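# Survey of secondary and tertiary structure
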Amino acid sequence: MNINPFDLSVSDFVAQSARWCAEFNIPEDFPYDLKVEIADRALFDTGTDKYEQIAEEAEDWIEQERTRLGEALPTFSTHADYIVRTEQWRNEFNIPPYLPYTEQVRIADEVLRTSDRSKYAGMLSAAEEWSKTESANLHAEPPFDGWKEQIRRQLLQIQKGKYLMIYVPYGASNYRIEQGTLTSVDWNKGTVLLHSTVYNRDNTVAIDNIQSIDESRSGSGALGSVQTADLRLVGNDWYRGNTKL
């Protein structure tokens, strides 16, 4: 089971809680993805007060899971890292600042291998000294935020035209959902352009404001995964369409 620590939800909390699985009649031996889907539907039907109670319990669990599951991203200290982390040289080599950090480093490394190194002798000398200092500093801060890095990696892999539901924090503990087909990603400005298939208009979302991205939905307001029958609870049994699970 591969769980993205930066895309955990209240439904994940319910699916991994024996107490709440019993409350919502979710069989413990169901596949994890199905448990999450049932939890998602059950939470939708449970009412605001109950949802807020569960969401409050889920908050600490989600943070703990992100810490436990989160990928340990390394602190780099190469010449290419120096370029990426120095605004003057990043601009000189036209490296988009909102790309995933490792992708920026790859571009900088390619530039170094193909450029006239004598032209940049001074820069390379400064990079050498910077690299030694960074390598010796065991407490150096990583050059990126892990959460944002994961979002940028995900965006880099999504094809244009894919329908997305993007969750953006709103207020203290709420989220708004920006949704539509992916038109483009501007890695220089740090924005995502979505086209609403309902209102036939474009909407721009700042990458650094994104909490999570759901790629599994088929259209505006969709509650279930693409091309699957609705889940429903009949007595104590769960059905997908007319099929008992």
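The structure under discussion appears in the preceding block.
Let me begin by describing the structure that accompanies this report. Here the residue index of a chain counts from 1 through its sequence in written order. Totals for whole chains, interfaces and linings use every residue, but because this is a predicted model, local features are given only for residues with pLDDT of at least 70 and side-chain atom pairs only at 80 or more, for both listing and counting. Water and hydrogen atoms play no part in the side-chain values, which are based on all heavy atoms of the structure.

## Description of the overall build of the protein
The cut-off we apply is this: A helix here means a DSSP run of H or I that spans at least four residues, while a strand means a run of E at least two residues long, and both kinds are numbered starting from the N terminus. Using a 1.4 Å probe on the protein chains alone, a residue whose accessible area is under 20% of its type maximum counts as buried, one over 50% counts as exposed, and one in between counts as partly exposed. Accessibility throughout is a Shrake-Rupley quantity obtained with a 1.4 Å probe, and a residue counts as covered only by protein chains that appear here.
The helix and strand inventory of the protein stands at 9 helices and 8 strands. Looking at the 245 residues of the protein, the share that counts as buried comes to 38%. Put simply, the protein shows about 14400 Å² of open surface, and 45% of that area lies on carbon and sulfur atoms.

## Regarding unusual backbone geometry
Despite not being glycine, Asn25 shows a phi value in the positive range, around 55°. Structurally, Asn25 is set in the loop between helix H2 (18-23) and helix H3 (32-45). The exposure class assigned to Asn25 is partly exposed, which follows from its relative accessible area of 28%. Residue Asn200 is not a glycine yet carries a positive backbone phi of 50°. On the secondary structure map, Asn200 appears in the loop between strand E3 (191-196) and strand E4 (201-206).

## Focus on H3
Heads up, the condition is: Helices are assigned an expected span. That span is 1.5 Å times one less than the residue count.
In a regular helix each residue adds 1.5 Å, so 14 residues correspond to 20 Å; H3 covers 20 Å between its end C-alpha atoms and thus fits that length. Burial within H3 is extensive, with 10 of its 14 residues counted as buried. Of all the positions in H3, only Tyr32, Leu34, Lys35, Val36, Glu37, Ile38, Ala39, Arg41, Ala42 and Leu43 are classed as buried. Gly47 sits one or two residues past H3 and shows a positive phi near 100°.

## Some words on the environment of Tyr167
The condition is simple: Only heavy atoms matter for contacts: two residues are in contact if any of them lie within 4.5 Å across the pair.
Summarising the element assignment, Tyr167 is placed in strand E1 (residues 163-170). Take Tyr167: its relative accessible area is 23%, and that puts it in the partly exposed class. C-alpha separation for the pair Tyr167 and Gln179, spaced 12 residues apart in sequence, amounts to 8.7 Å. Excluding residues within four positions of it along the chain, Tyr167 makes contact with Tyr175, Arg176, Ile177, Asn209, Ile210, Gln211, Ser212 and Asp214.

## Some points on the sheet that holds strand E5 (residues 212-214)
We apply this condition: Being paired, for any two strands, means DSSP has found at least two bridges between them. Lines fitted to C-alpha atoms define the axes, with helix axes restricted to the stretch in contact, and inter-axis angles between N-to-C directions lie between 0 and 180 degrees.
Spatially, 5 strands are ordered E4-E3-E2-E1-E5 in an open sheet, and the strand pairing comes out antiparallel. Where the open sheet ends on each side, the last strands, each with one partner, are E4 and E5. With strand direction ignored, the average angle separating the axes of adjacent strands in the sheet is 45°. As judged from the 5 bridges shared by strand E2 (residues 174-186) and E3, these two strands associate in the antiparallel manner. Directly across from Leu182, in E3, lies its bridge partner Leu194.

## Some words on helix H9 (residues 146-157)
When the terminal C-alpha atoms of H9 are compared, their 17 Å separation across 12 residues agrees well with the 16 Å that a helix rising 1.5 Å per residue should span. Elements in contact with the buried residues of H9: helix H7 (101-114), E3 and E5.

## Side note on the nonpolar core
The condition that has to hold: By nonpolar core we mean a set of buried residues, namely Ala, Val, Leu, Ile, Met, Phe, Trp, Tyr and Cys, connected to one another through side-chain atoms within 4.5 Å.
Core analysis: the biggest nonpolar cluster contains 19 residues, and Phe13, Val14, Phe24, Ile26 and Ile54 have the highest contact counts within it. Going through the elements one at a time, helix H1 (10-15), H2, H3 and helix H4 (48-69) are the ones with two or more residues in this core. For this core, the leading source of residues is H3, giving 5 residues. Residues within four places of Ile54 in sequence aside, it is in contact with Val10, Phe13, Val14, Trp20, Phe24 and Leu43. Membership of the second largest hydrophobic core comes to 18 residues, among which are Trp89, Phe93, Leu112 and Phe144.

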